[in-house]
Amino acid sequence: MNVARESTQEIVFETHRFGTLSIMEEKVISFAQGIPGFKNLRRFILIDHDSEGLFKWLQSIEDPLVAFLLTNPNVYKPEYSVPLRKNDLETLDVKDMKNLVSLVMVCFANGKVTLNLKGPVLFNSENMRALQCIIDRDDYQSHFVINI
Amino acid sequence: MLVLTRKSGEAIRIGGDIKVVVVEVKENHVKLGIEAPAAMSVHREEIFIRIQEENLSASTLPADVSDTLKRLKNK
């Protein structure tokens, strides 16, 4: 019993949307570079939103109010792929590309649900490191409208 | 703000591991080369600001929108 407790530490934190959460430390996703606009926040967790797991909340552990709704961009734009830069792969310490997951943020603007294809979030499930890429490409819009 | 004068081909160092080189100066364009550690992200300012604004907007997604998305997918 004692050994198990030492190896997996439980953390408890407050959130605006989900109340008090208690999770294991190994579930914590770390954004070493922060997220533009929220540079002081480094630790997040992913929470399923719908039963199919298509939408997930990226909830800050450090700020109860900060959460982003994320989704798989390929459901709405099949040809979408994140141009991977060597720096990003190094930051995430990617050993196997299979462990890399990219999700995009859901926004609501002018009465429409949009995806930010210019700022995907990359996760390395192997070590729980993540970062937000910034893609400077005209064909990937920051307000890509999805029909729901 | 610190202002330094540099010619084409000259560089500045920021701390021990960031180097900014003036690659080319042409009329009102300056081409810069940046060497920085992998963990440090480097972006054009206007794009960085746009992503910042997008993120702030994404963090205030109205609850009725997320509820609608959830209902659709739970059907």
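The residue numbers shown here count from 1 along each chain, following its written sequence. Both sets of labels track the order of writing: A upward for chains, 1 upward for ligands. Local features in this predicted model are restricted to residues of pLDDT 70 or higher, and side-chain atom pairs are both shown and tallied only at a pLDDT of 80 or more, whereas totals for entire chains, interfaces and linings draw on every residue.

**What about the domain arrangement of chain B?**
This is how the line gets drawn: Start and end positions for the domains come from either an automated domain assignment or a database one.
Each domain of chain B was delimited in the assignment, giving domain 1 (9-38) and domain 2 (43-75). Once you take the C-alpha centre of each, domain 1 of chain B and domain 2 of chain B turn out to be 34 Å apart.

**Concerning the pairing of strand S4 (residues 43-48) of chain A**
Residue and element names in this part refer to chain A. Let me state the cut-off plainly: Strand pairing is assigned whenever DSSP identifies at least 2 bridges connecting the two strands. Counting from the N terminus, the helices are DSSP H or I runs at least four residues long and the strands are E runs at least two residues long.
Both strand S3 (residues 29-30) and S4 contribute to a ladder of two bridges, which runs antiparallel. The residue of S4 that forms the bridge with Ile 29 is Phe 44. Both S4 and strand S5 (residues 55-60) contribute to a ladder of five bridges, which runs antiparallel. By the bridge assignment, Phe 44 is partnered in S5 with Ser 60. Counted between consecutive antiparallel strands, the loop separating S4 from S5 contains six residues, among which Gly 53 sits at a positive phi close to 75°.

**Side note on the pairing of strand S10 (residues 129-132) of chain A**
Residue and element names in this part refer to chain A. Inspection of the sheet shows strand S9 (residues 121-124) paired to S10 by four bridges, in the antiparallel sense. Counterpart to Leu 122 in the pairing with S10 is Leu 131. Counting the residues in the hairpin turn of S9 and S10 gives four residues, including Met 128, whose phi is positive at 60°.

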